[in-house]
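Here are the chains, one letter per residue:
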Amino acid sequence: MCTLIVRTGRPLTLMGVRDEFTDRPWEGPGEHWPEYPGVIGGRDLKAGGTWLAVSPAARRAAALLNGRGRAARETTKISRGDLALRAAYGGDFPDADLTRYDPFHLVLADLSRVRLVSWDGERRTEGELPEGTSMVVNAGLDPEDERVLAYLPRFAETSAWRELAAAEPSSDPGALIVRHELADGRVLASLSVMEVKIDAGGVTYDFTDLTADRDG
């Protein structure tokens, strides 16, 4: 996932936009993991994990974004896709050997707080997102990121987030919904949008498959 928008309060609202290569197989949200009963998320069919996991019973969600920094060694590397599952299920950041993971940002959110842990391949940092509306991108909480500059004020001033996510795909660095046709013929694009709302009454989510009416 390349963009996560979070608004604290009640309801606690998260919206994740997943950018990925269009030839990488995946499926929509479901309880796909028997080892994490009750956890819902879209599943990456190549590595088996997820980018946004929701535990309705615990009123909790966890989101994973790729980070920047030093890549893990190929001989010991494992997929980052289990991190959001473990966080949503267990309620804390996984106790794991981070040197086996490529850089990432992992957000763990419930009604009490929203935490962010980041790993750049050398150093782990942890903190809480501020009250109000925030955007997490591949650079983390980066107020100078072009996407954040273009969209954070718009998300902060409205509750109609789905309208903002209905933008046409673009290769512009500040675009929220993207499509990049690479020199090798592959396409990197926004594949889905998932909005999650958490309050004392429970959890709801709204998932949109952006590939449903577009060519790969």
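Structure shown above.
The following paragraphs examine the structure supplied in this document. What you see as residue numbers is a count from 1 along each chain, following the sequence as written. Whole-chain, interface and lining totals are the exception, using all residues; otherwise, since this is a predicted model, local features are given only for residues with pLDDT of at least 70 and side-chain atom pairs are given and counted only at 80 or more. Where side-chain values are given, they derive from all heavy atoms of the structure, hydrogens and water being excluded.

## Remarks on the overall build of the protein
In step 1: Strands here are runs of E lasting at least two residues and helices are runs of H or I lasting at least four, both read from the DSSP assignment and numbered beginning at the N terminus. Along the protein, the regular secondary structure elements total three helices and 13 strands.
In step 2: Based on C-alpha atoms, the radius of gyration is set beside the globule rule, defined as 2.2 Å times the residue count to the power 0.38. The C-alpha atoms of the protein give 16 Å as radius of gyration, which agrees with the globular expectation for 216 residues (17 Å, within 12%).
In step 3: By its C-alpha atoms, the protein is 45 × 45 × 35 Å across when sized along the principal axes.
In step 4: Only protein chains enter the accessibility calculation, which uses a 1.4 Å probe. A residue is then buried if its area is under 20% of the maximum for its type, exposed if over 50%, and partly exposed in between. Taken across its 216 residues, the protein has 47% of its residues classed as buried.
In step 5: It only takes one pair of heavy atoms within 4.5 Å for two residues to be counted as in contact. The contacts in the protein between residues at least 6 apart in sequence include a share of 51% that link residues at least 24 apart.
In step 6: Each accessible area value is a Shrake-Rupley result obtained with a 1.4 Å probe; residue values ignore everything except the protein chains displayed when judging cover. Accessible surface, the protein: about 10400 Å² in total, of which carbon and sulfur atoms supply 45%.
In step 7: Taking the average location of the 26 positive side-chain charges in the protein and that of its 35 negative ones, the two points are 4 Å from each other. His is not counted, nor are the chain ends; Lys and Arg add positive charge and Asp and Glu add negative charge. Where a charge lies is defined by one atom per residue type: Lys uses NZ, Arg uses CZ, Asp uses CG and Glu uses CD.

## Overview of the pattern of salt bridges
In step 1: Any carboxyl oxygen of Asp or Glu that lies within 4 Å of a side-chain nitrogen of Lys or Arg is treated as forming a salt bridge with it. Counted by the stated rule, this structure contains 16 salt bridges.
In step 2: When the shortest N-O distance is used, the salt bridge between R147 and D19 registers 3.5 Å. Pair noted here: R147 is in helix 2 (residues 146–156) and D19 is in strand 2 (residues 12–21), with a separation of 128 residues, a long-range link. Each of the two residues, R147 as well as D19, counts as buried.
In step 3: A salt bridge links R179 to E181; the shortest N-O distance between them is 3.5 Å.
In step 4: Put simply, R18, E20, R24 and D44 are held in one network by salt bridges that share partners.

## A few points about the pairing of strand 8 (residues 114–119)
In step 1: Counting buried positions along strand 8 gives six out of six residues, so the element sits mostly inside the fold.
In step 2: Neither face of strand 8 is exposed, since V114, L116 and S118 on one face and R115, V117 and W119 on the opposite face are all buried.
In step 3: Pairing between strands requires that DSSP locate at least two bridges from one strand to the other. Taken together, the six bridges between strand 7 (residues 104–110) and strand 8 define a ladder with antiparallel strand orientation. Of the residues in strand 8, the one forming a bridge with F104 is W119.
In step 4: Linking strand 7 back to strand 8 in an antiparallel pair, the connection comprises three residues.
In step 5: Here strand 8 pairs with strand 9 (residues 124–128) via five bridges, running antiparallel. Of the residues in strand 9, the one forming a bridge with L116 is G127.
In step 6: With antiparallel pairing between neighbouring strands as the criterion, strand 8 and strand 9 make up a hairpin whose turn holds four residues, including G121 at a positive phi of roughly 95°.

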